[in-house]
Amino acid sequence: MADTAQNDAASTDERVKEISPLRKALIRPELGGIVGTVAVFTFFLLFAFDSGMFNSQGVINWSTVSAQFMIIAVGACLLMIAGEFDLSVGSMIGFAGMMIAIFAVTYSWPVWIAILVTFALCIAVGALNGIIVVRTGLPSFIVTLAFLFILRGFTIFLPQVIERKTIIGGVREAAEGDWLAPLFGSKVFQGVFTWMGENGWIATFTRGNRAGEPIVDGIPVLIIWAIGLVIFGHVLLTKTRFGNWIYASGGDADAARNSGVPVNRVKILMFMFTAFCATVFATCQVMEFGSAGADRGLLKEFEAIIAVVIGGALLTGGYGSVIGAALGALIFGVVQQGLFFAGVESSLFRVFLGVILLAAVILNTYIRRIITGER
Amino acid sequence: MSDPIIQMKDIQKHFGRVIALAGVSVDVHAGECHCLLGDNGAGKSTFIKTMSGVHKPTSGEIIFEGKPMDFADPRDAMEAGIATVHQHLAMIPLMSVSRNFFMGNEPVKKIMGLPFFDHEKANTTTMEAMKKMGINLRGPDQAVGTLSGGERQTVAISRAVHFGAKVLILDEPTSALGVRQTSNVLATIDKVRKQGVAVVFITHNVRHALAVGDRFTVLNRGKTLGTAGKGEITPEELQDMMAGGQEMAQLEGSLGGTV
């Protein structure tokens, strides 16, 4: 009896249909992101090509916005795959920006110290989020919702007590000559852009004291951060053993523990990484604006989660892709700015968000059924 | 026969006022399949949890490879070479077979001094191990969720063996499976045994036990009713011992001897 069973199992199981290449391509988490990106670009190339969206300024404009989304989406993506949410990302952005401004402007600390201390502080808050979630076993939804309010409250309270206002300016002046600040608030490849301007490949100023200089004089370093974080996140997730632990922790925490995966450590580290990403976002923003405001980063946590879900991650964890999340962020940035270029009422952007979120979740559920063979 | 690889001597386990195990002795040799039979609540689970380091025995002695053992926790036991494959498996359906196979034990290769997951090695090893067990995968990247229950059991078993299990405890691996899947799992048990692994096979199905078992121990209400070798006992006797004789005989009568 045992022998026949063996032989049967060794031959191909006739009850399992061969998977068609199309269906196999469908089982990629990035599918939604790729389809969406193609659709969005096709749409705007057709309907808004002449609006200036695809000249040098236009491209930098939506690339910068997309890069902002990407930075927080990478953190949210890895955390979601590890099986948790962070709803405090938006408040963390406001809090981090405010801390940098208070340290650098009010206390006149050197900006690099202000930045480093803020990073340490925010990552510690991320760790606290993680520790509470892991220790109490409460849903991260609730724990980080609490921190959404706690951090936002401090962000409004502290500047009022210290400076009697809710916006603290003068960060750019304080950052003059600082060695660390340019890492978050400068432009790179300026030479390349000057050269391209001289060759007439990109638009240049025709009048004024900057005549002859390119209108776009470099790539904001924010974009480099975004690309760097996406590559880091993708490699970490797919090419390292820690990446396997991230999948395992989110897929089934008990099964992972039984196999010796340090699930708690993985989750706490992912909360810390999310906080790190939010702080990068905040630092870039503060350096760009030269000020910190108490309302910065509002709703960013949801935008990050939406980008991640569009990118194919499952809300329940254990499945997803950083590249997908990056594409989700790109779709976001292109649509938000594209609607502006196309002269469409900007409130419609929210309608679009809601619709695409719903479509993405339905598609993801379908893909999940294919993978797990549920019916 | 050589010395047993693991000996459980007069194990008692009390939970408060409940006596779960009242002196159970079992020994298992390398390369044998020792079936542990018993009805629900007979103490099978408590017994194997004691063996795998989850519970500490209230009294009694565990001798593993000739030395008395005192496992602090299941990881301790795992490292010593005692692996348990649970009814509810340590498998993640959304992950590929090879990612599951190496979960927690990922092979690593260094690229520019940085450790990276060696997918190539993981994939080839997984495919080989699966083939050895008679499972043809579509590919190492096939998700575990697409495998049948029996195939999942087999993946879990071959994973345990691959990572050096000397004693493999199978907790009712066939209880939720269909006929054909059950025979696949039994075939897997047979292969593992031939590789020299000591298998402890927990079941309450006498026929499954007789198909692969070398020796049989019946637990009833926290006590052993003795150990019998293959051919020394009939299925009817085993069934009777499991159920506690008397009542079962009456029941069987009313059911026409079909149980």
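Criteria and cut-off values
- Residues numbered from 1 in each chain as written.
- Chains lettered and ligands numbered in written order.
- Predicted model: local features only at pLDDT ≥ 70, side-chain atom pairs only at ≥ 80, totals over all residues.
- Heavy atoms only, no water.
- Contact = heavy atoms within 4.5 Å.
- Buried area = accessible area lost by both parts, 1.4 Å probe.
- Salt bridge = Lys/Arg side-chain N within 4 Å of Asp/Glu carboxyl O.
- Polar contact = N/O pair within 3.5 Å; in protein donor to acceptor, adjacent residues only side chain to side chain.
- 1 Å grid on protein atoms, 1.4 Å probe; cavity = no way out; pocket = protein on both sides within 12 Å on 5 of 7 lines; lining within 4 Å.
- Points joined across faces, edges and corners; volume = space filled by probe spheres on them.
- Helix = DSSP H or I, 4+ residues; strand = E, 2+ residues; numbered from the N terminus.
- Buried < 20%, exposed > 50% of the residue type's maximum accessible area, 1.4 Å probe, protein only.
- Pairing = 2+ DSSP bridges.
- Axes fitted to C-alpha atoms, helices over the stretch in contact; angles between N-to-C directions.
- Phe/Tyr/Trp six-rings, centres within 6.5 Å; stacked < 30°, edge-to-face > 60°.
- Nonpolar A, V, L, I, M, F, W, Y, C, P; charged D, E, K, R; others polar.
- pLDDT = per-residue confidence, 0-100.

Trainee: Tell me about the interface of chain B and chain A, and please be specific about residues and values.
Mentor: How big an interface is tends to be expressed through the accessible area that disappears when the partners come together. The partner chain A presents 38 residues to the 32 residues of chain B that form the contact. Its largest share of buried area at the contact with chain A, chain B owes to Leu94(B), Arg99(B) and Arg138(B), together 22% of the area lost on that side. Taken together, the links from chain B to chain A amount to 1 salt bridge. One can count 7 residue pairs in polar contact (both at pLDDT 80 or more) joining chain B with chain A.

Trainee: Tell me about empty space enclosed by the protein, and please be specific about residues and values.
Mentor: All names here are of chain A. Under the criterion given, the structure shown has 2 cavities of 30 Å³ or more. Considered as a void within the structure, the largest cavity measures approximately 50 Å³ in volume. Looking at the largest cavity, the residues that line it are Ala76, Leu79, Met80, Glu84, Phe85, Asp86, Val89, Glu301, Ala304 and Ile305. Within the residue set of the lining of the largest cavity, elements represented by two or more residues are α4 (56-81) and α14 (300-310).

Trainee: An account of the pattern of salt bridges is needed here, citing residue identities and associated values.
Mentor: Under the criterion given, the structure shown has 15 salt bridges over all chains. One salt bridge in this structure joins Lys267(A) and Glu84(A), with 2.9 Å as the shortest N-O distance. A residue pair is termed long-range when its members are at least 10 positions apart, and Lys267(A) in helix α13 (residues 263-289) and Glu84(A) in the loop between α4 and α5 (89-106) qualify at 183 residues. The pair formed by Lys267(A) and Glu84(A) is uniform in burial state, with each residue classed as buried. In this structure, the salt-bridge partner of Arg241(A) is Glu106(B), at a minimum N-O distance of 3.3 Å. Of this pair, Arg241(A) sits in helix α11 (residues 241-251) while Glu106(B) is found in the loop between α3 (97-101) and β7 (108-111), placing the two residues in two different chains. When salt bridges that share partners are traced, they join Asp190(B), Arg193(B), Lys194(B) and Asp214(B) into one network.

Trainee: Explain the sheet that holds strand β2 (residues 18-28) of chain B to me, and be specific about the residues and the numbers.
Mentor: Residues and elements named next belong to chain B. A sheet is described by the order of its strands in space; here 4 strands give the open sequence β2-β1-β4-β5, paired in antiparallel fashion. Both outer strands of the open sheet, β2 and β5 (67-68), are each paired with one neighbouring strand and no more. Direction of pairing for strand β1 (residues 6-15) relative to strand β4 (residues 59-64): antiparallel, over a ladder of 5 bridges. Counted as the bridge partner of isoleucine 6 is phenylalanine 64 from β4. Contacts from helix α1 (residues 44-51) reach β1, β2 and β4, with the element oriented near 120° to β1.

Trainee: If you had to explain the packing of aromatic side chains to someone new, which residues and values would you point to?
Mentor: All names here are of chain A. Evaluated as defined, the whole model comprises 23 aromatic pairs over all chains. Judged by centre distance (6.1 Å) and plane angle (55°), the ring pair of phenylalanine 242 and tryptophan 245 falls under tilted. With phenylalanine 242 and tryptophan 245 both in helix α11 and 3 residues apart, the pair spans about one turn of that helix. Residue tryptophan 245 is classed as buried on the basis of its relative accessible area of 12%. Here phenylalanine 332 and phenylalanine 349 contribute two aromatic rings whose centre-to-centre distance is 5.9 Å and whose plane-to-plane angle is 90°, an arrangement assigned as edge-to-face.

Trainee: Explain the pairing of β1(B) to me, and be specific about the residues and the numbers.
Mentor: Residue and element names in this part refer to chain B. Taken together, the 8 bridges between β1 and β2 define a ladder with antiparallel strand orientation. Within β2, the position partnered with phenylalanine 15 by the bridge is valine 18. Two successive antiparallel strands, β1 and β2, enclose a turn made up of 2 residues, where glycine 16 displays a positive phi of approximately 60°.

Trainee: Give me the layout of surface pockets: which residues, what numbers.
Mentor: The volume enclosed by the second largest pocket comes to roughly 740 Å³. What lines the second largest pocket is a set of 28 residues, among which Asn258(A), Ser259(A), Met78(B), Ala83(B) and Thr84(B) lie closest to the centre. Those elements that place two or more of their residues in the lining of the second largest pocket are α12 (253-258) of chain A together with α2 (74-80), β6 (82-85) and α5 (149-162) of chain B. A per-element tally of the lining of the second largest pocket places α2(B) first, with 5 residues. Here the residues of the lining of the second largest pocket sort into 14 nonpolar, 10 polar and 4 charged.

Trainee: Lay out the environment of Arg172(A) with the relevant residues and their values.
Mentor: All names here are of chain A. Within the secondary structure layout, arginine 172 lies in helix α8 (residues 171-175). Assessed through its relative accessible area of 44%, arginine 172 is described here as partly exposed. Separated by 167 residues in the primary sequence, arginine 172 and leucine 339 place their C-alpha atoms 31 Å from one another. Contact partners of arginine 172, with chain neighbours within four places excluded, come to Met287, Glu288, Phe289 and Gly290.

Trainee: I'd like to hear about the confidence of the model for chain B, residue by residue, with values.
Mentor: Predicted coordinates in regions of low pLDDT should not be interpreted in detail. Counting all residues, the mean pLDDT for chain B is 84, and 92% of those residues have values of 70 or more. Within chain B, the lowest mean pLDDT, 60, falls on helix α9 (residues 246-255) of chain B, and the highest, 92, falls on α3(B).

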